[in-house]
Each structure stands twice: as C-alpha cells, then as structure tokens.
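# Structural features, examined
These are the residues of each chain, in order.
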Amino acid sequence: IAVEGGMRGATKPVDLSILHYEIMQLDSSPFLAADITPDLQKQFAFLSGGRGDNGSPIIVFPEFPAFGGITDGEFHNVLTYLTSVPSLSSTGVGFILVIDRRQDRWAAVKGTLLRIAGSFPGNLRLVLVLRPTTLLQRTLSDILFKFNKDEFKMKVPVIMLSSITELHSYIERSQLTLELGGTQDYCHEKWISHRTAIEGFALMVKKTAQILQSFGTVLAETELPNEIQTTTILLSTHTDKKDKMKADLLVALDQGSRLLESINEPVARDPDHSMNQDELENLATVQRLLSQLDETERAFDEFWLRHQTKLEQCLQLRHFEHNYREVRALLDQVSEKLATFSEVGISPTHADHIFCELTTYEERVCVLERASSLAGDGDDLIQNSHYAEDSIQPKCRELRAVGENVRGSLRAKKDHLLKAMELHHCLERASKWVDDGIYLLASQPVDKCQSHEGAELALKELERHLDLAGQNQLKELGTIWREYEAVLNQQFRDHVGKVFQKQASMQEMFDKRKVSLKKLAAKQTRPVQPVAPRPEAFIKSPLGSPGQCPHNHSSTGENDQLQNEDSNSGHASLSEEEENLAVLRRHVMNELLETERAYVEELLCVLQGYASEMDNAAMAHLIPAPLQNKKEQINIIFKYVLEQYTDCPQLVGRCFLERMTDLQIYEKYCHNKPRSESLWRQCSDCAFIQECQKKLEHKLGLDSYLLKPVQRITKYQLLLKEMLKYSKSCEGADDLQEALTSILGILKAVNDSMHLIAITGYEGNMSDLGKLLMQGSFSVWTEHKKGHAKVKDLARFKPMQRHLFLHQKALLFCKRREEYGEGYEKAPSYSFKQSLSMSAVGITENAKGDHKKFEIWCNSREEVYIVQAPTAEVKNTWLNEIRKVLTTQLEACRATISSCSTLSSCSPFKSGQKSLKRGEEKKAEPSSPDANASSLPKPTTKGRERADFISTRLNPSIVPLQIFLVHVFYKLLCTSLAMNPCLNFCLFH
C-alpha cells in the first residue's frame, strides 16, 4: 500500500510477505481441492493426518476394489494434491504410504505398487503393504513379490505386512485410522470441506491484498487537484472505494472466523479431543491468515488516514485560496470605494449625510471581519500541521496587512469627515450668530432708542449678543487655514471666506450702531417727540420693471453719520432701521441667488452627464434593459428673471407669480418620484450608471441629485417667508404673500398627490374624480337604514380609522396601511374601502356629543357617516371645502335647468338631465398643456431685449427618463448687482 509524502505523494509499497506462504503457494500449486473434488471424493487415497516417528506424513490407500478403474489422470491429480497439502518441512522428510489390500489379490497389490513407482510426485520414505489375507493370495504375494521386487524400481523400502499388528510396529496406533486399528476419527467429507474452505479463504485474502495494493498504487499516483469541486469529487470517490474495500476486509475476516470455529469444533465439543497434525496445521494456517489480515487492515487504515488527511488538507487549502481571492478582491473594492469618499460636503447636513453613507457602507461591507476570520482560519491550518504552510502563511500576513490598511484608511476618512463636520458646524454657528445679530439690529424699535433708557437697553442687547461671540465667532482666517488645512478645498475655502466676510460686516454694523446709541445715551434725558420722515425721504420703486428701481445712496450703508443729532435723531433712527431691513433682504436675496445657481449647475451637470451618454455609441452596451429606449425630449427654457430684482429684493414675489404656472411641474415631478425610485433600485448597480458617475467624478450617487428638486421647492417657501418678514412695510409685500401662498399650495398639492398615488384597490380611473381638494385622517362611525332592521342600533362603539380623499366629484374612504421604504422613500399606503358621489352627498355640520364631529350622508340619510376630525379647525376647513363643492354643483344644476326651460320641444326632465350631464363632462374636462403654455406671462419689453431664452413645448404628463432626465426649474441667479438683469428660467422634464 502506498503512503503519500509531501505535496505530490511519494509512494512506499507495503511488503506483502506478511501474508502466509500458503497463499503464495496457491500460485505454484497446480490444483485446488475445489478443482478435483470429484476425484478426491472417490477416496482411493487420502491424508489421514497421521505422522511417522520422524514426522513423515502418512498417505493411506484404503481397500478400493475399483482401483484398477482409476485413470492415470485421476491418480496423478489426487496424489499431486495430497503431496502439496503438508508443510514443506514435513514433505521434505518424505511420505509413508500405507496400502491396505487385505481383501484383494496379488494383482491389485502389484498394480498399485507399479502405479506408485511410476507416478508418485513426492518424496517417499517408506511403503507399507497389508497383503491379501487369503492363504492362496498371501502365498502368491510372498513368492511373487520376491521375484518381481526389481520390477517396482522402488528406492525406498517396501515392506509386506501380514496383519495390522505388524503395521502397529511401524506406526503408532494414534497416527492410524480406525480401519487400520488406530484411534484417529477421520471423516473424509469433512476433510475435503475444510480444505476447500481454507483454500477459498486464502484466495480471498490474496485477492483482498492485491486489491489493496492496487488501490494504494492508484492513490499514490494521484495528483492533488487545484479546484474545490475536483478535490471534493476525488475525496468522495476515494472514500467510496475505501468503504468498499473495508467491507471486503470485514467479509474476509468474518469468513476466517467462521472457518476457525469449524476447525475448532471437535475441541469445543470435547475438550479432551486431540487434533491430528494436519488439523493442527490447518488451524495454524487459518489463525496466521486472520492475524495477517488484521495486520493488513491496520496498515490499510493507517495509510487511508494519512491519505484522507492529505485530501482534506488539500480541500481546506483550496477553500482557503478561493476565499482569499474573494476577500482580496473585496478589500481592493473597498479601498477603491473609500477613495471616492474624498468629499467634505457643502453643509453640515451634507457632510453628515456623507458620514452616514460611509458608516452604513462600513456596516454593510463586513470584509474586514471576514479577512480577519480568514487569516485566523489560515493560522489554524498551520497549527494543525498543514502540508502547505509555506503557501498559507504569506497569505495570512497579506490579509492582515491589507485589512489593517483598509481599516486605517476608513478611520482616516471618518476623521477627515468629522473634521470637516466640525468646521461646517462652526460656520453654521457663526452664520446663525451673524444672522441673529443682523436681525437684532433690524428689530430694535427706532422710537424707543431715542430715550436714554431705550438707548441703554439697546446697547445692552448688543453687548449680550457680542458676549456670545466666544463660542460662535470664527477665528482668524490664518488659524482656520492652519487647523483645517487637510479638509479645505477651494469651495470650502470660499465658503469660509464668505462667512468670515459676513461676520466682519456684521461686527462693523454693530460698531456703528453702538457709536450711535452711545451718543444718544450720553445726552441728557429730555422728552423726545419722534419725527416721522417726510414722504420724499422714502425712495419708492416704480410699478413697472423692477430693473428701474433707483439707488438711494444717502441711506444704503452705515457710512451716513448723525450730523445733526439734536434735530434729526428720529429721522436717522428710522433710516437706520430701514437700512438694517434692507441688509436682511439683500442677505435673503443673495442666499436665494447663490443656492439657485448651485442647484441649477448641479442638475445641469447631471443632465448632461447621464442623459447625453445614452446617445454615446461607446456606452450603448452598458445601458441596462429597463433603460433601453427611455430617453425623452429635454425641454430647457432660459429666462433671466431674478437678476432684475437684485436691487429691489422686496419685489421678488412678482417673479414667482409670473412663473407660477411653470412651477406646477414640481407636482408632476414628485408624482413620478416613486416610479423613478423603483427604476433606480433596478439600475443603481449597473455598469452604465457607474461609468457615468466616474466620468462626472461625482462622490454622491444619482439618487442624491434626484432628491434635490423636492428639497428645492421646500426651500423656496422658507426663503419667501424670510423675505416677507423683512418686507412687511415695503412695496411688493402683497406679491410676496401671494407668492408664498401659491408655493404652499403647490407643496400641498405635491403632498396630496403623493398620498393619492399610494391608494390601492380602486378599480376606476382617478382622473375621472376631478381635482383632489383635501385629504386627511379621521375617525368614522357608520349608520345604515337599509335591510330588515336599522343597523344604527348595531353601530360600532369603536370608530373606524379612515383616510378621506375629497375630490370634485367623489369622496373616497381608505384605510391607512403601514409605511414602507426607508429614508425619504418612506411613505404610507392606503387600501380603498368605499366612495361616495358628491352629487348624492349631504352634510350635517354639527353632530351630537362632540364639536369636532359632523355627518356626511347620502340617499336621504339611508347611509350616514359620522366623521370626527382631529381638531375643530380641521372640521371647519373640510366643511367649507365640501360646501364649496356642493354650492358649485347646485349652481351648475340651476344653470342647466334654466337653459333647458327654453327648449320647448324637449322634455324638461330629460333635457335637464342631458344638460346637467354635459355640464359635468365639461367641468371634468382637463385643460390642455398647450392652453397652459399659451397663458404663460410675457416678460417686459426690456426683459425680452436682454433675455437669452429658448422656449420649447412642454409635456409634463409624460414620465421622463426616471433617473437621467432630471427636473430642474428656475435658474434663479445672478452675480452683478449693477447690471440690468434679465429672466433666466429653466425647466427640465
């Protein structure tokens, strides 16, 4: 059996001489008992098992009248086999032949001797012949044997015996059978059975040994595979063969044990029984075969254990190498991904978002733990004396080194972002402190500052605000550059510079205000009558183009000093308050312009970087199936608008009102957002997206940019609120209020539409229900008067929670389900339950028991729905809206009946029905996009002269390329305050 050594398995054959030589004799022996069983069964000669004085085996030729009929072949086969059975040591001494011819004639004696002399295959030591017992034959035997002695050509003595007694003088009785006067209990059939079994067992042992040696050679010559699957199959195949051979060994051992029991049966039956020499040799042969078979089994088990260990270690190595390649590739991917987290953000929220993305990525990618675990597995293999230690150890060191590098890079990225977030928060605190300071300057009442106490109080307010500078004020720029050098890119530097400049401006304004207040506080206390400024002191902007607003150089800065403080103090204070409010308005306007510029530039970059790449032939093969043929026409309109209001920011509300029709497209964008997110989830990992992002060098994914329009429409209303707060007494305040109301209406419509598309189970077309007017959650009780009994008595005590959607033509009852999605994608869903046609609805404004309840009923109160609002205000809002719907329907019905009364040829009832139906159809008919487009406000003459715009046909009903065609509206920007700007407005769909 071969034993593996090293990687390739050096072979060392097992010496089969451990098997008994009797097995080896099977190859040289011409016959086996099973081959000549018929000849042996004739029993004309047999081995009795007896031995002579010198250990010579005894072959007995018993009385056999048909001996003459035995053929030469039969005679030769039997004697050849009989002489091969005893051991070599016994046969070397020579055989003793006992020929029993007592009942036969001399001719039989002579024939037997001649046959033996001519063809006996072994060595002879002595021939004993029991001659015929009859007088005549005995006499003839004596005479004729003497005369024919030379004819036998026997080289050994041939002794004629007259009786058994004489035979006993040559051979002890214990070595003779009962027929020859001995004591041996010999059974010829049993002897043949034992010989056949022993030889069969020996052959089985020999065959098993040969198979084991052949199997060992195959295993020794097998090369270790390089693949996991091949190694697994090889180990399984070898294990199956081993199990089969092990089973063969057990079968051989079982057969040998049963044979041993059979040979020992006489002794087991009679402990005093004495075995003859042949039986003892048979017993010893079987015992040696069993012992050597056990030895072979142990050797095979040891060999298999080594071979199995080698294959298992090979399989472990292949798994380790496979996992190593996977982990190494993942570590490289993580390193590349971490390299993309070089952005420091443009705001605290943005930086925090990047930090959360990095943290989430770290939690989602467990490659560092996997690398550490794999290195530990490698150490375990080495600890368990794996043969490939030289190959495993370097990989373990590499995994630990690369993992530590990635871990260090991750820590560095986090520290980098935390440092950036720290600076962002410092800038945010400084900006808020500055804004609060500017607001404080603007909010100090002018009339109260004229008194000594008022001036002192205002000074204290300023001092208190300045006391907060320690934790909010920015350090010197040089200190910031040194401390945050690692995170400062050019954009970040510019932002720091702007905030620092803003802070310096605020401090300058504080210094000027303090000088003025100290002068007022230093005066003697005397009654002061505030003097209202003359009308001509205010420079009013013309109602025409805001670009014609003149500059009031005498009241635009803190440079105007109080030259005549005694007589003009009231006028100066009012001018200072107006100037502070103007500063705040310019601050809001600058924020609007700057953020709009960044917003449009980012989305333009995304639009060009993704949508245009769909026409790139080199990128065509990377576009996934869901995005094939999804590119829509991009509509862009450039109109420079907000720039006209840079000098008069309080009038910016007009810009929003002029473009309010176009702002409705935000509702379409938000309506399509869920489908956009669905497509994004399908394609976010595709090669096309990754390649476009790589070309643009964007650190954020496309989904982050798709969220910006949603954030932008919310930002508009915040900026308008701020502008309105600082412009309440200025021209244009009404326009600002109207613009704010319109923007809030768009936000409400966006919110309503997002709820509306979440309704499931409604089988009709929701566009047939008319415009969605209101939606909200209520507690609802129901009462029905249909059926055999009033269901009112069975009405539930516990209300149903329902979400109601009020349309122009129907009221929907839905059940709110659990929210789904994550982050900004999280939204509720609603299961449709019931709808009521508004043409059949009536209301009762007050229900018993609660001022927040009202009733909605239909079909002459056969169905009554008691609705409880969260608050009384919500109830009143809904009742007002329902009343408007019902009033509109009533007026339409009256107009229809009035028109039908003039048609005498028609039935008033039928005509009224038809007219009412046509009126409803006309009312439900939506306005066309072209009509909307044609109603867009036209820019002023000067605006058109200076505008560079492209007007294209809009189609907001078409779902755009959900991910790549970004909705961008209103490029509200400009840089120069002196230029007469024009409208810049862009729409993306």
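Source: prediction; values computed, not measured.

## Details of the overall build of the chain
The helix and strand tally for the chain stands at 31 helices and 13 strands. In the chain, which comprises 989 residues, the share counted as buried stands at 45%. Contacts in the chain between residues far apart in sequence, at least 24 positions, make up 75% of those at least 6 positions apart. A total accessible area of about 51100 Å² is found for the chain, and carbon and sulfur atoms account for 52% of it.

## Section: the sheet that holds strand β2 (residues 57-61)
Pairing in this open sheet of five strands is mixed, and the strands run β1-β2-β3-β4-β5 from one edge to the other. The open sheet has two edge strands with one neighbour each: β1 (46-51) and β5 (158-161). Neighbour-to-neighbour, the strand axes of the sheet open up by a mean angle of 25°, direction not taken into account. When β1 meets β2, the two strands line up antiparallel, connected through three bridges. Note that in β2 the partner of L47 across the bridge is I59.

## Things to note about unusual backbone geometry
One can expect most non-glycine residues to show negative phi and most peptide bonds to be in trans. Look at Q43: it is not a glycine, yet its phi comes out positive at around 60°. Inspection of the secondary structure assignment puts Q43 in the loop between α2 (37-41) and β1. The residue S385 is not glycine, and still its phi comes out positive at about 60°. Looking at where S385 falls in the secondary structure, it is placed in the loop between α14 (367-383) and α15 (389-443). Take S385: its relative accessible area is 58%, and that puts it in the exposed class.

## Considering the packing of helix α9 (residues 188-221) against helix α10 (residues 228-263)
Where α9 contacts α10, the two axes come as close as 10 Å, and the packing angle between them is 160°. The angle between α9 and α10 falls in the class roughly antiparallel. As α9 runs across α10, the sense of the crossing is left-handed. In this structure, α9 contributes H194, A197, I198, G200, F201, M204, T208, I211, L212, F215 and L219 to the contact, and α10 contributes H238, K241, K242, M245, L249, V251, A252, Q255, G256, L259, S262 and I263. Residues belonging to the contact of α9 with α10 are distributed by class as follows: 14 nonpolar, seven polar and two charged.

What counts and what doesn't
- Along each chain, residue indices are assigned from 1 in the same order as the chain's sequence is written.
- Two thresholds apply to this predicted model, a pLDDT of at least 70 for residue-level local features and 80 or more for giving and counting side-chain atom pairs, whereas whole-chain, interface and lining totals are computed over all residues.
- As a rule here, side-chain values cover all heavy atoms of the structure and leave hydrogens and water aside.
- Runs of H or I in DSSP of at least four residues are treated as helices and runs of E of at least two as strands, each being numbered from the N terminus.
- Burial classes: relative accessible area under 20% of the type maximum marks a residue as buried, over 50% as exposed, and values in between as partly exposed (1.4 Å probe, protein chains only).
- Throughout, a residue-residue contact means that at least one pair of heavy atoms, one from each residue, lies within 4.5 Å.
- Accessibility throughout is a Shrake-Rupley quantity obtained with a 1.4 Å probe, and a residue counts as covered only by protein chains that appear here.
- Only strands joined by at least two bridges in the DSSP assignment are considered to pair.
- Axes here refer to lines fitted to C-alpha atoms; in helices the fit is confined to the stretch in contact. Angles between the N-to-C directions go from 0 to 180 degrees.
- Roughly parallel here means an angle under 35 degrees, roughly antiparallel means over 145, roughly perpendicular means 65 to 115, and every remaining angle is called oblique.
- Should the near helix be turned anticlockwise from the far one by less than a right angle, the crossing is left-handed, and should it be turned clockwise, the crossing is right-handed.
- Ten residues, namely Ala, Val, Leu, Ile, Met, Phe, Trp, Tyr, Cys and Pro, are considered nonpolar, four, namely Asp, Glu, Lys and Arg, are considered charged, and the remaining ones, Gly among them, are considered polar.

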